[in-house]
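What follows is the residue order along each chain.
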Amino acid sequence: MAHIIVVGNEKGGSGKSTTCMHVATALARMGHKVGALDLDLRQRSFGRYIENRRAFTRKQGLNLPVPDYRDLPEIDQSMLNAGENVFDRRLSAAVAALERDVDFIIIDCPGSHTRLSQVAHSLADTLITPLNDSFIDFDLLARVDPDTSRVIGPSIYSEMVWHARQLRARAGLKPIDWIVLRNRLGAQQMHNKRKVGGALEQLSKRIGFRVAPGFSERVIFRELFPRGLTLLDLKDVGVEKLNISNVAARQEVRDLMHELNLPGVTVDF
């Protein structure tokens, strides 16, 4: 069966689609067959990223690896079992169709609480939660004492992951490997960075996730989207010499792939 990687966070703007695209492309470049689903049925940022990639490679005559992206299939309501949710069936049908053909399935969840997102989390073998490095975004995971920065208790998103873990345990599935990714780490505001880091360490021990450094705030990520490119593609499109920022960003992708520790994956780029 394919290994399912879910990228989720109920807050928009955390870098979910960028993370999805770089993980998917890295796996494809290492020779793995990769499927992709976007559960944000309105914005479809991950889906549009892959569509941009297909269009650019076709126009330029390039042979870049492209994840096998599929829309959720439409389901005839008359085919549902009594009490069955149509979104459950659409997602399960999409995963079942992809599993026959790929090694990994990357699922991008919307930046809001939806039925599709709930179900996807229960399917996750690996869960990646990109998080902007601030207490505004940290509030999604846990409540914090404003005076001491001590973690008081888990918040809404953490409770959803806990519920997904319960469902997997009852089904006899292996536990979710949950990684919280610290995105948009800035060079400044060291005091705030230490406080957020300390709160994450406290919480990780209480509710069971791993903390990993993610992607820094860089212009290059916004520039790559219209062409569907990633940092791993730059030399293929004629960029012979990477600048210092691009080299550092590429290393962040490499570090992330090492940190994920996915089965059967040897990071070799």
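Coordinates for the structure precede this section.
Residues numbered from 1 in each chain as written. Predicted model: local features only at pLDDT ≥ 70, side-chain atom pairs only at ≥ 80, totals over all residues. Heavy atoms only, no water.

K.L.:
How should I be thinking about the pairing of strand β5 (residues 126–132) in this particular structure?
P.N.:
Each regular strand shows side chains that alternate between the opposite faces of the sheet. Burial within β5 is extensive, with seven of its seven residues counted as buried. Of the two faces of β5, the one lined by T126, I128, P130 and N132 and the one lined by L127, T129 and L131 are each fully buried. In terms of strand pairing, strand β1 (residues 3–7) meets β5 through three bridges, oriented parallel. Opposite V7, over in β5, you have I128 as the bridge partner. (Buried < 20%, exposed > 50% of the residue type's maximum accessible area, 1.4 Å probe, protein only. Helix = DSSP H or I, 4+ residues; strand = E, 2+ residues; numbered from the N terminus. Pairing = 2+ DSSP bridges.)

K.L.:
What's the story with the packing of helix α1 (residues 16–29) against helix α9 (residues 244–260) in this structure? I'm lost.
P.N.:
Describing two packed helices takes the angle between their axes plus the distance from one axis to the other. One can describe the packing of α1 onto α9 by two numbers: an axis separation of 11 Å at closest approach and a directional angle of 75°. As judged from the angle between their axes, α1 and α9 are roughly perpendicular. Residues T19, H22, V23, A26 and L27 of α1 form the contact with α9, whose own contacting residues are V253, L256, M257 and L260. Residue composition of the contact of α1 with α9, by class: seven nonpolar, two polar and no charged. (Axes fitted to C-alpha atoms, helices over the stretch in contact; angles between N-to-C directions. Parallel < 35°, antiparallel > 145°, perpendicular 65-115°, else oblique. Contact = heavy atoms within 4.5 Å. Nonpolar A, V, L, I, M, F, W, Y, C, P; charged D, E, K, R; others polar.)

K.L.:
Is there a simple way to think about the packing of aromatic side chains in this case?
P.N.:
The geometry of an aromatic ring pair is captured by two quantities: the separation of the ring centres and the angle between the planes. All told, the structure shown has five aromatic pairs when counted by the stated rule. Seen in terms of ring centroids, Y49 and F225 are 5.0 Å apart; in terms of plane orientation they differ by 70°. Their pairing is edge-to-face. Highlighted residues: Y49 in helix α2 (residues 45–60) and F225 in the loop between α8 (219–224) and α9, separated in sequence by 176 residues. The class for Y49 is buried, based on a relative accessible area of 2%. Its relative accessible area of 23% is what places F225 among the partly exposed residues. (Phe/Tyr/Trp six-rings, centres within 6.5 Å; stacked < 30°, edge-to-face > 60°.)

K.L.:
So what exactly am I meant to see when it comes to the packing of α1 against α2 here?
P.N.:
Here α1 crosses α2 at 45°, and the two axes come no closer than 9 Å. On the basis of their axis angle, the class for α1 and α2 is oblique. The hand of the α1/α2 crossing is right-handed. On α2, the residues touching S17, T18, C20, M21, H22, A24 and T25 of α1 are S45, F46, Y49, I50 and R53. Classifying every residue of the contact of α1 with α2 by side-chain character gives six nonpolar, five polar and one charged. (Left-handed = near helix turned anticlockwise from the far one by under 90°.)

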